[in-house]
Amino acid sequence: ADGERNILLNVSARLSFIFAIKYEDERGEKRTMYQTGELDLLRSQRNILDGTVWTIRHIVDETSPLFGMNFSEYPGNSIYRFELAIQGTQKATGASVFSHEMYELQDILIGHAFVDQVTWNDETRVRVSDYNLMHETEPFPVWYPRTSVESGV
């Protein structure tokens, strides 16, 4: 579960995005300020991570800072990176384990879902995770929830 086939306990995940705010200072010089926004995860903690697949998901609904954004126009085009931080405790040693990954906008696929990496063999009654499929996606319909204005609420 930590890349070394060790079981992790008390695992937590945080997902944030980094965006740039361009402005002109009082001397007329162009400057850039960088900010970070946090994204709520559907499930940010696992008691145990034992080699099974954990898909980290953020729901883009009315409560999401990404709701209604188009990455080709402001303010969506000011986002340039997503960062995922994972923290847990290695079961065998009790050592803390940290992992940090950065994803650029070109890494984000809208309208895609990961293919199923986990299969169940009915004969042997064994769950198999195929890590060769870890980065494979397939087209998936995008669902946009209706806002309270659209639904008349």
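Residues numbered from 1 in each chain as written. Predicted model: local features only at pLDDT ≥ 70, side-chain atom pairs only at ≥ 80, totals over all residues. Heavy atoms only, no water.

## Quick word on the side chain of His58
- Of note, His58 is situated in the loop between β3 (45-49) and β4 (79-90).
- Of note is the side chain of His58, whose polar atom sits 2.5 Å from the backbone oxygen of Asp40.
- Here the side chain of His58 touches Ser64 through a polar contact of 2.7 Å, side chain to side chain.
- Look past the residues within four positions of His58 in its chain and what remains in contact with it is Leu15, Leu39, Asp40, Leu41, Ser64 and Leu66. (Helix = DSSP H or I, 4+ residues; strand = E, 2+ residues; numbered from the N terminus. Polar contact = N/O pair within 3.5 Å; in protein donor to acceptor, adjacent residues only side chain to side chain. Contact = heavy atoms within 4.5 Å.)

## Section: the pairing of strand β7 (residues 118-121)
- Here four bridges tie β7 to strand β8 (residues 126-129), and the two strands are oriented antiparallel to one another. Across the sheet, residue Asn121 finds its bridge partner in β8, namely Val126.
- Once β7 ends, the chain turns through four residues before running back antiparallel as β8, passing Arg125 with a positive phi of about 55 degrees. (Pairing = 2+ DSSP bridges.)

## Focus on the environment of Tyr131
- Relative to the helices and strands, Tyr131 resides in the loop between β8 and β9 (137-139).
- The exposure class assigned to Tyr131 is partly exposed, which follows from its relative accessible area of 42%.
- Sequence spacing of Tyr131 and Val53 is 78 residues, and the spatial spacing of their C-alpha atoms is 9.0 Å. (Buried < 20%, exposed > 50% of the residue type's maximum accessible area, 1.4 Å probe, protein only.)

## What about the environment of Ile86?
- Mapped onto the elements, Ile86 comes out in strand β4.
- It is 8.0 Å that separates the C-alpha atoms of Ile86 and Val97, two residues lying 11 residues apart in sequence.
- The contacts of Ile86, once residues within four sequence positions are left out, are Val11, Ser12, Ala13, Trp54, Ile56, Val97, Phe98 and Ser99.

## Points about the nonpolar core
- With 15 residues, the main nonpolar core has Val11, Ala13, Leu15, Leu39, Trp54, Phe82 and Ile86 as its most contacted residues.
- Discounting chain neighbours no more than four positions away, the residues touching Leu15 are Gly37, Glu38, Leu39, Leu41, His58, Phe82, Glu83 and Leu84. (Core = buried A, V, L, I, M, F, W, Y, C linked by side-chain atoms within 4.5 Å.)

## Quick notes on the pattern of salt bridges
- Enumeration over the complete set of coordinates arrives at six salt bridges.
- The shortest N-O distance in the salt bridge between Glu38 and Arg14 comes to 2.9 Å. Taken together, the residues span a long stretch of sequence, with Glu38 in strand β2 (residues 30-39) and Arg14 in strand β1 (residues 8-24) at a distance of 24 residues.
- Salt-bridge contacts for Asp25 lead to Arg31; the nearest nitrogen and oxygen are separated by 3.9 Å. (Salt bridge = Lys/Arg side-chain N within 4 Å of Asp/Glu carboxyl O.)

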